[in-house]
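# Descriptive structure summary
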Amino acid sequence: MLKIIYEVPLFIFVILSIYTIWQLIVARKLLAGGEIRRPYLWFIIASIFFALWGVDHIFHDFFPLSAESAHFFHYVISHGLLLISMIFITIAARLTSFIYKATISADEK
């Protein structure tokens, strides 16, 4: 059986993910009505998928799967969660870039 001490970094990761989600929601509420608010939704969704990735790893460390299922969960589910997170971060970064470019060009006029 896996020692719980080995899972501490992943528990911290999940806790930090949940805290990040909460902070992003608070920030999004503070920016109510502003255009910069839009990317925060994508950051929140990405953080949710990061938290799910951590929970998935913790769960499968404590409840091991058969070799065939383990490969599926590692390569499809785990890598898929990371890919989805990165896609949402990319969308948020792109939206943020567009917003700041629009703000700079509006200030120049």
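Here we come to the packing of aromatic side chains. Per the counting criterion, the structure on display carries eight aromatic pairs. Aromatic side chains Phe 13 and Phe 50 sit 6.4 Å apart centroid to centroid with 85 degrees between the ring planes, which places their arrangement in the edge-to-face category. You can see Phe 13 sitting in helix 1 (residues 8-30) and its partner Phe 50 sitting in helix 2 (residues 37-62), a full 37 residues away along the chain. The class for Phe 50 is partly exposed, based on a relative accessible area of 24%. Summarising the aromatic geometry, the rings of Tyr 40 and Phe 43 are spaced 6.5 Å apart at their centres and angled 75 degrees between planes, so their arrangement reads as edge-to-face. Residue Tyr 40 and its partner Phe 43 are located together in helix 2, separated by three residues, close to a single helical turn. The rings of Phe 13, Phe 50 and Trp 53 are connected pair by pair, giving a single aromatic cluster.

Assignment of secondary structure puts Ser 85 in helix 3 (residues 67-108). In contact with Ser 85, other than residues within four places in its own chain, are Ala 46, Phe 49 and Phe 50.

As a further point, take the nonpolar core. If you look at the biggest cluster of nonpolar residues, it comprises six residues: Leu 10, Val 14, Trp 53, Ile 58, Phe 62 and Leu 81. Elements with a minimum of two residues in this core: helix 1 and helix 2. When residues of this core are assigned to their parent elements, the largest contribution, three residues, is made by helix 2. Excluding residues that lie within four positions of it along the chain, Trp 53 makes contacts with Leu 10, Phe 13, Ser 78, Leu 81 and Leu 82.

Criteria and thresholds
Residues numbered from 1 in each chain as written. Predicted model: local features only at pLDDT ≥ 70, side-chain atom pairs only at ≥ 80, totals over all residues. Heavy atoms only, no water. Phe/Tyr/Trp six-rings, centres within 6.5 Å; stacked < 30°, edge-to-face > 60°. Helix = DSSP H or I, 4+ residues; strand = E, 2+ residues; numbered from the N terminus. Buried < 20%, exposed > 50% of the residue type's maximum accessible area, 1.4 Å probe, protein only. Contact = heavy atoms within 4.5 Å. Core = buried A, V, L, I, M, F, W, Y, C linked by side-chain atoms within 4.5 Å.

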